[in-house]
Amino acid sequence: MNPAHISRRNLLAAASLPLLTACGTPLPLLPAPRTDADAATRLLASAQVHGLAAYRQISDINVSYDGQWRPLINAVQPEVVDAGYRGRSQERLLPAAGVVAQSYTGPQGRKQVFWRRGDGSAARPGELDLWYGGQPSADPARRSASALVAECYGLFLLGPLWLVDRGLPLQMAGSERVNGRLCDVVQVWLSPGLGQVASDRVAVCIDRDDGVTRRLRFTLEGFAGTRGAVAEVDTFDHQRRFGVLWPMRSYEEVVHPLRLPAHDWHVTGLDVNRGYGVEALQGPVFTGAALAPAAPV
């Protein structure tokens, strides 16, 4: 038998483990504790370093990305990767409304996502519209995976800014080194979770020297194919624009139940405060002031 085939079969078997057990997960979904005042202070301080005052004055964020998926990740998480469509992207965020909209272009065509955060309950799981090639999709797996990805990309871009004003339970969780830098870890009980799910957990790794959030580790409960899994995103090449500190390059890796490189991507365009509303993002293409590509960087 081909050794590569054996390797892939074993990899897929390992990837199914989170559906069977959560034992050993680095972020167990325990009941939310009472907030630790030190953790709240630490997260707020990092948000301030990232430009909290300026961020609160931003009505809309317009960003474009390009990147590369790592080998094998599509075999493990095909609906999340959506490799035929998730190539370069134009993305729009309305932070106050909890909205992320994404327009992807890939080898099989164009994918459009509109996501508005709900409260994680069965009654208000979040609002999702999804189109492939301009046609609406009712596929349940694609829809739940797209909601998960959309909310994640708000978290990845904004880090502590995406979390600090939501009144979430927080706890200090020691320290760790991230790419050689000593970081304090703040655990966040996220509710609603990432996508159409009631809760997730996020570990925010904050540089002890300069307060920059360097890593986000998170559960992925919002999609059946990743439930029980944990991933992390490291951020690099931060630049301050419009008063906010942005990660211009990011790297994602699955860390549980197996360690697997996933995705490298970088910002190719960025601008803010065009002045459009939710209606400009709710169709199969962006309209009005949301339509133009993000300003190149």
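None of these values were measured; they are calculated from a predicted model.

(A) Representation of the overall build of the protein. Scanning the protein from terminus to terminus reveals eight helices and 15 strands. Over its C-alpha atoms the protein spans a radius of gyration of 18 Å, differing by no more than 12% from the 19 Å that the globule rule assigns to 297 residues. When the backbone C-alpha atoms are referred to their principal axes, the protein occupies close to 60 × 45 × 40 Å. Burial status across the protein gives 52% buried among its 297 residues. Of all intrachain contacts in the protein linking residues separated by at least 6 positions in sequence, the fraction that spans at least 24 positions is 59%.

(B) View of the nonpolar core. In this structure, Ile61, Leu158, Phe218 and Trp246 are the most contacted members of the largest nonpolar core, which totals 57 residues. Here this core takes eleven residues from helix α7 (residues 140-158), the largest share from any one element. Residue contacts for isoleucine 61: discarding those within four places in its chain leaves Tyr55, Glu91, Arg92, Leu93, Pro95, Leu157, Leu158, Trp246, Leu270, Asp271, Val272 and Tyr276. Counting eleven residues, the second largest nonpolar core, distinct from the first, contains Ala101, Phe114, Trp131 and Val278.

(C) Examining the environment of alanine 123 more closely. Tracing the backbone shows alanine 123 in the loop between β4 (109-116) and β5 (127-132). A residue is classified by how much of its surface remains accessible, and alanine 123, at 71% relative accessible area, is exposed.

(D) Quick look at the packing of aromatic side chains. Under the criterion given, the structure shown has six aromatic pairs. On the numbers, 5.3 Å between centres and 45° between planes, the contact of phenylalanine 156 with phenylalanine 218 is tilted. One end of the pair, phenylalanine 156, is in helix α7; the other, phenylalanine 218, is in strand β10 (residues 213-219), and 62 residues separate them in sequence. Residues phenylalanine 156 and phenylalanine 218 agree in their burial class; the two are buried. Taken together, Tyr65, Tyr153, Phe156, Phe218 and Trp265 form an aromatic cluster joined through their ring pairs. The ring centre of tyrosine 132 lies 4.0 Å from the NZ or CZ of arginine 142, which sits over that ring. For arginine 249, the ring lying beneath its charged end belongs to phenylalanine 236, and the centroid distance is 4.5 Å.

(E) Inspection of the pattern of salt bridges at higher detail. All chains considered together, the criterion is met by 23 salt bridges. A salt bridge links arginine 142 to aspartate 82; the nearest nitrogen and oxygen atoms lie 3.9 Å apart. Taken together, the residues arginine 142 in helix α7 and aspartate 82 in the loop between α6 (78-81) and β2 (88-94) connect sequence positions 60 residues apart. In this structure, arginine 116 and glutamate 127 form a salt bridge, with 2.8 Å as the shortest nitrogen-oxygen distance. With arginine 116 in strand β4 and glutamate 127 in strand β5, this residue pair connects regions lying eleven residues apart in the sequence.

(F) Broad picture of unusual backbone geometry. The peptide bond linking serine 191 to proline 192 adopts the cis configuration, its omega dihedral lying at -5°. Within the secondary structure layout, proline 192 lies in the loop between β8 (181-190) and β9 (200-207). Cis geometry marks the peptide bond from histidine 256 to proline 257, where omega comes out at 10°. Within the secondary structure, proline 257 sits in the loop between β14 (249-256) and β15 (260-272). Despite not being glycine, aspartate 82 shows a phi value in the positive range, around 45°. Backbone geometry places asparagine 273, a non-glycine residue, at a positive phi of 55°. Tracing the sequence through the fold places asparagine 273 in the segment after β15.

(G) The environment of arginine 124, seen in detail. Within the element layout of this structure, arginine 124 appears in the loop between β4 and β5. For the pair formed by arginine 124 and glutamine 196, sequence separation is 72 residues and the distance between their alpha carbons is 8.7 Å. Excluding residues within four positions of it along the chain, arginine 124 makes contact with Arg117, Gly118 and Asp119.

(H) Geometry of α7. The terminal C-alpha atoms of α7, which comprises 19 residues, lie 28 Å apart, in line with the 27 Å expected from a rise of 1.5 Å per residue. With 15 of its 19 residues buried, α7 lies for the most part within the structure. For α7, the capping residue at the N-terminal end is aspartate 139, with a side-chain oxygen 3.2 Å from the backbone nitrogen of alanine 141. Phi turns positive, to about 50°, at glycine 159, one or two residues after α7.

Thresholds applied
- Residues numbered from 1 in each chain as written.
- Predicted model: local features only at pLDDT ≥ 70, side-chain atom pairs only at ≥ 80, totals over all residues.
- Heavy atoms only, no water.
- Helix = DSSP H or I, 4+ residues; strand = E, 2+ residues; numbered from the N terminus.
- Rg over C-alpha atoms; globule rule 2.2 N^0.38 Å.
- Buried < 20%, exposed > 50% of the residue type's maximum accessible area, 1.4 Å probe, protein only.
- Contact = heavy atoms within 4.5 Å.
- Core = buried A, V, L, I, M, F, W, Y, C linked by side-chain atoms within 4.5 Å.
- Phe/Tyr/Trp six-rings, centres within 6.5 Å; stacked < 30°, edge-to-face > 60°.
- Lys NZ or Arg CZ within 6 Å of the ring centre and 35° of its normal.
- Salt bridge = Lys/Arg side-chain N within 4 Å of Asp/Glu carboxyl O.
- Expected span 1.5 Å × (residues − 1).
- Polar contact = N/O pair within 3.5 Å; in protein donor to acceptor, adjacent residues only side chain to side chain.

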